Each structure stands twice: as C-alpha cells, then as structure tokens.
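Read off the chains here:
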Amino acid sequence: MNLRLPAFPKKKKLSSFAVLTSGGDAPGMNAAVRAVVRYGIANGCEVHGIIKGYSGLIEGLFQRMDASSVANILQRGGTILKTDRCEEFYKKSVRREAAEILRRRGIQGLVVIGGDGSFTGASLLEAETGFPTIGVPGTIDNDIAGTDDTIGFDTAVNTAIDAIDRIRDTASSHDRIFLVEVMGRSSGFIALEVGIGGGAETIIVPERKESLASICSTIDRGIRRGKTSSIIVVAEGEKAGLSAQLAGDLEKRGYKSRVCILGHTQRGGSPTAHDRMLASALGASAAAFLMGGKSNAMVGVQRGVVTLVPFKSVIGVKKGIPPELLTLAQVLAT
Ligand code: ADP
C-alpha cells in the first residue's frame, strides 16, 4: 500500500503510557494495539493495556503489557483489550477522576484507538486535565476527517464484496433484484466502495438523496439492456429498516425484490493485509509521537504519508464522500 512514515521526534519525553480501544470494534484494532505496545517497549517505555475502553479506565482495569502479551493477535479481528461505550465519560468530573487514576499509576500518556466519539473523550480529557492523549483511527466506516483511511475499512469492504458476489449468483439464477444493506449510519464510504467493487446497479448513500423514480429508471434501463437481475447497495442510514422500506416502495411499483442485511458480519473477521499494514504503521507512529511529547492529535494517513493531525481538525469535521465516485458508479453500472 506504499505507506511512508514521517520523522519521529528524537527525544523521549515520557517513559510510561497506556493504550485502550473504544467505541465500535474494527478489524485491525489488535494489529494497532500490538504495534503501540511493541514500539513502546522496544523504545524503553512501560506500556499498560486498559481493558474495556473508558469504562475500564474508570474501573481501574489495567494490565501491564510485555512483548508477548500481544503475540499472535495481529491476524485476529476484534480487540483483545475489549471495547465499550461509556456514558460516565461524558461527565467532566469522571474525566478528571480518570486523569487522577492514570497519574497515580505513574502513566504519563494515553493512546486511544477508536472513532470520532472516542477522540472527543480523549481531547476533553487532555483539555481539562492536561493529560496527554493521542488517537488512532479505528472504525470500519472511514468517516474520520484528517485521514484518507481508517483501520478496519478495507476489511469491512472486502467482507461485504465477498457477500455481494455470492448474492449475485442467486440474484441472477432467480432473476431478482437484491437490496444489500451495508453499514454506514451517516457515511456512505462503505456503500460506495462496495457498490463499485461489487458492480452494483445503484448505490444509496446518506450523503445523496436518491428518488424512487430514479432507482426505478436505473432498473428499467438495465432490463431494456437485457439485465435480469440487479444489486442495489444501501447504506443503513440513521433510521433502521431503510432497505426494507425501499423494498416495499419498489414492490408497490411492481418490482419484486429481496433484502439482505449484512449487519455485524462486516465488523468481524481477520484484517486484510492492507489493514494490518495501516494499523502497524499508525499504532507505532502514535506511540512514537506520544513518547516524543506530541499529543492532542490523531495519527492519520494522507496521500500515503503517516501524518499527525490536531484533534481540532478531526473531531466533528465531516469527511464527504467524493461525488465523482458516485457518478463513476452510475456510469459503470449502465
Ligand atoms: P466511536 O469512537 O466509534 O465514534 P462512540 O461515539 O460510541 O464511538 O464513542 C465511544 C466512547 O467515547 C463513548 O462511549 C464515550 O465514552 C466517549 N465519548 C464519546 N463522545 C464523547 C463526548 N462528547 N464526551 C466525552 N466522551 C465521549
């Protein structure tokens, strides 16, 4: 994947830090944990794993890591550190307490592997208490600004494309329209790549409203050209049941369709080579930057170069899908 690492700070400013995974899990999180731990230890740091994200931090679920505590996890999906959604961490008083817990243990910095919400927690922790934090983008949605790619996205896309290839066999045997729902509440990155890579006739993403009339006319165009089956990739969107609703609307217009919701199958599984490489580079870079005194930022990848991006340019910033790729998908499907 042609990744390049930047020059890391030369001086080591801290000697003990912790790492946690938070929010939705993503394939490659383990590879990132391994890289953080091994890079830290190789450079003379004490590294602590926190079990169950911010909940474990508050509950004191710490584990001293050594090189072998991350052995044999590179290829495994999920996260050995477990992950969680922690309501308590929304409270300032709890974040203050969290910084105290870390300091009492002699820990001087925190690597947070997760998504936008997890980074918000990390950034508030640092702003309010001065405790240094650094983020690693781990989410299948690829919806994090400041990085071209997130850990887990490539694996999720490949899993979904594999499913589409199988569904297409059935769609063409039975001359059917299939609506395949992929993950993506507010972001269509997965749907876009899965749609292009899986040769979908239409892609429905939250970023662009597609009228029923336009979907029907795409199906009709295909039928006129001799197509007997179609795949429509639908990003799940904010409201549950979007693909079922669309199937109902199509039925009213005389098109019979089937719905297949890929759901959590997209979250698990062994990370692809791409995600292992990305996670290894970003995990090691996060440790290197944190040890060198950098914080309040995320490590991302921009045009192939691992880059430190301030949290303020990441959190809450919408990363739009490239509209020309949506157009490309339409052109290629005709
Ligand atoms: P992701 O990191 O994948 O976006 P979430 O949005 O669920 O996942 O956030 C994960 C966790 O990060 C939350 O359960 C909470 O502990 C913490 N977090 C999220 N948003 C905030 C916030 N605004 N303030 C403090 N902590 C937050």
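Parameters and conventions
- The written sequence of each chain sets the order in which its residues are numbered from 1.
- pLDDT decides what is reported in this predicted model: residues at 70 or higher carry local features, side-chain atom pairs at 80 or more are listed and counted, and totals for whole chains, interfaces and linings draw on all residues regardless.
- Neither water nor hydrogens contribute to the side-chain values; these are computed over all heavy atoms in the structure.
- For the purposes of this entry, the term helix denotes a DSSP run of H or I that reaches at least four residues, the term strand denotes a run of E that reaches at least two, and both are numbered from the N terminus.
- Type-normalised accessible area, obtained with a 1.4 Å probe on protein chains alone, sets the label of each residue: buried when under 20%, exposed when over 50%, and partly exposed for intermediate values.
- Residues are treated as being in contact if the distance between any of their heavy atoms lies within 4.5 Å.
- Only Phe, Tyr and Trp rings are paired, with Trp represented by its six-membered ring, and only when their centres lie within 6.5 Å; those with planes under 30 degrees apart are stacked, over 60 edge-to-face, the remainder tilted.
- Proximity is defined per residue: if any heavy atom of the residue lies within 4 Å of a molecule or strand, that residue is considered near it.
- Under this definition, polar contacts are N or O atom pairs within 3.5 Å; protein pairs additionally need one hydrogen-donor-capable and one acceptor-capable atom, and for neighbouring residues in sequence, both atoms have to be side-chain atoms.
- Accessibility throughout is a Shrake-Rupley quantity obtained with a 1.4 Å probe, and a residue counts as covered only by protein chains that appear here.
- Method remark: on a 1 Å grid restricted to protein atoms, a set of points is classed as a cavity if a 1.4 Å probe fits but cannot get out and as a pocket if it is open with protein on both sides within 12 Å along at least five of seven lines; lining residues have an atom within 4 Å of a point.
- Being in a pocket or cavity means that more than half of the molecule's atoms lie within 2 Å of its grid points.
- All residues other than Ala, Val, Leu, Ile, Met, Phe, Trp, Tyr, Cys, Pro, Asp, Glu, Lys and Arg, Gly among them, are scored as polar; the first ten of these are nonpolar and the last four charged.

**With respect to the side chain of Thr147**
Logical step 1: Relative to the elements of secondary structure, Thr147 occurs in the loop between strand 5 (133-137) and helix 5 (153-174).
Logical step 2: Relative accessible area serves as the criterion here: at 2%, Thr147 is assigned to the buried category.
Logical step 3: Setting aside anything within four residues of it in sequence, one finds Thr147 in contact with Pro137, Met298, Gly300, Val301 and Lys319.

**Quick notes on the packing of aromatic side chains**
Logical step 1: Summed over all chains, the structure comprises four aromatic pairs.
Logical step 2: Ring centres of Phe8 and Tyr39 lie 6.0 Å apart, and the angle between their planes is 75 degrees; this geometry places the pair in the edge-to-face category. With Phe8 in the segment before strand 1 (16-21) and Tyr39 in helix 1 (residues 29-42), this pair connects stretches of sequence that are 31 residues apart.
Logical step 3: Judged by its relative accessible area of 25%, Tyr39 is partly exposed.
Logical step 4: Consider the rings of Phe8 and Phe289, whose centres lie 5.4 Å apart with planes at 90 degrees: the pair is edge-to-face. In this pair, Phe8 is assigned in the segment before strand 1 and Phe289 in helix 9 (residues 273-291), connecting sequence segments 281 residues apart.
Logical step 5: Through pairs of rings, three or more aromatic residues link up here, namely Phe8, Tyr39 and Phe289.

**Here's the deal with the site of the ligand**
Logical step 1: If you check the shell around the ligand, you find 16 residues, and the closest are Arg85, Cys86, Gly115, Gly117 and Ser118.
Logical step 2: Within the contact set of the ligand, an oxygen atom lies 3.4 Å away from a backbone nitrogen or oxygen of Asp116.
Logical step 3: For the ligand, whose unbound accessible area comes to 560 Å², protein coverage reaches 81%.
Logical step 4: Under a 2 Å grid-point criterion requiring more than half of the atoms, the pocket assigned to the ligand is the largest pocket.
Logical step 5: Tallying contributions element by element places helix 4 (residues 116-129) first for the shell around the ligand, with six residues.
Logical step 6: Taken together, the residues of the shell around the ligand sort by class into five nonpolar, eight polar and three charged.

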